[in-house]
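Working through the structure, step by step
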Amino acid sequence: LAKTTQPISMDSYEGQEVNITCSHNNIATNDYITWYQQFPSQGPRFIIQGYKTKVTNEVASLFIPADRKSSTLSLPRVSLSDTAVYYCLVGDMVGAAGNKLTFGGGTRVLVKP
Amino acid sequence: EAGVAQSPRYKIIEKRQSVAFWCNPISGHATLYWYQQILGQGPKLLIQFQNNGVVDDSQLPKDRFSAERLKGVDSTLKIQPAKLEDSAVYLCASSLVPGRSDTQYFGPGTRLTVL
């Protein structure tokens with residue numbers, strides 16, 4: 001069971017790049033890394049997923065080093081609306097019972113004007 | 001595409017009462033999840049269904065919580081009797097394929113307050 005560790009909170013300013021690093025030392029070969037965003041009073045929302053190297057979509061980039069023991073979510077040029085909690089999850093694609101996809105405590109990102 | 005629907009959005013009950021939550025997943029999604037999210041914490045998986053069968057309910061307090069997914073579509077989560085510590089947001093999510101890392105789409109949640 002791959003456990004994740006993230007910073008509890010981060011502050012940033014509008015227009016800056018925010019990088020959130022997640023540690024997952026026990027990641028397994030079949031595990032993927034997924035990030036979700038959650039606003040108050042809403043359910044989490046998928047941001048990005050990757051297995052290795054770098055993945056980029058219209059909202060974020062995900063950097064995964066060769067050993068895959070950590071990953072970094074990068075949010076370019078954040079705005080006030082990016083203030084949210086960001087969760088890093090690690091899990092496999094098989095869905096076998098016992099391999100729980102576990103949300104940790106997440107990182108609370110506060111974007112200031 | 002319609003999202004995951006949940007009702008009610010809010011519920012206030014007294015301890016030892018019963019309560020039920022309803023979830024309608026995205027059409028065609030085979031996998032359905034129920035999570036409990038206590039204030040300030042990340043969501044905790046309670047139960048996962050694949051169609052109408054249970055894949056994982058290892059973290060479901062079975063002495064008081066029950067869930068079903070009849071016909072592999074809608075699902076209900078019930079708490080009987082409720083305790084103060086059950087106060088939380090109950091999130092329903094669905095995904096297209098059974099893989100744990102498949103994108104999960106979450107509903108808005110039901111905020112339960114137990115007095």
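What counts as what
Residues numbered from 1 in each chain as written. Chains lettered and ligands numbered in written order. Predicted model: local features only at pLDDT ≥ 70, side-chain atom pairs only at ≥ 80, totals over all residues. Heavy atoms only, no water. pLDDT = per-residue confidence, 0-100. Helix = DSSP H or I, 4+ residues; strand = E, 2+ residues; numbered from the N terminus. Pairing = 2+ DSSP bridges. 1 Å grid on protein atoms, 1.4 Å probe; cavity = no way out; pocket = protein on both sides within 12 Å on 5 of 7 lines; lining within 4 Å. Points joined across faces, edges and corners; volume = space filled by probe spheres on them. Nonpolar A, V, L, I, M, F, W, Y, C, P; charged D, E, K, R; others polar.

Details of the confidence of the model for chain B
Atomic detail in the predicted coordinates should be set aside for any region of low pLDDT. Residues with a pLDDT of 70 or more make up 96% of chain B, whose mean pLDDT is 92. At the low end of the mean pLDDT range in chain B sits strand β6 (residues 53-56) of chain B, at 89; at the high end sits strand β8 (residues 75-79) of chain B, at 98.

Observations concerning the pairing of strand β6 (residues 61-64) of chain A
Residues and elements named next belong to chain A. Relative to β6, strand β5 (residues 53-56) is paired through four bridges, and the arrangement is antiparallel. Residue pairing in the sheet places Thr53 in a bridge with Ile64 of β6. Between the antiparallel neighbours β5 and β6 lie four residues. Here β6 pairs with strand β7 (residues 70-75) via three bridges, running antiparallel. By the bridge assignment, Leu62 is partnered in β7 with Leu73. In textbook terms, the turn of a hairpin is the stretch between consecutive antiparallel strands, and for β6 and β7 this stretch comprises five residues, one of which, Arg68, has a positive phi near 60°.

Structural notes on the layout of surface pockets
Picture a little ball the size of a water molecule; that probe, rolled over the atoms, points out where space is still empty. Approximately 460 Å³ is the volume found for the largest pocket. Lining the largest pocket are 25 residues, with Gln38, Phe39, Pro40 and Ser41 of chain A together with Gln37 of chain B positioned closest to its centre. Counting residues per element, the ones that place at least two in the lining of the largest pocket are β8 (84-92) and β9 (107-112) of chain A together with β9 (88-95) and β11 (110-114) of chain B. Here the lining of the largest pocket is composed, by residue class, of 13 nonpolar, nine polar and three charged. The calculated volume of the second largest pocket comes to roughly 160 Å³. For the lining of the second largest pocket, the elements supplying multiple residues, two or more each, are β4 (45-50) of chain A together with β10 (105-106) of chain B.

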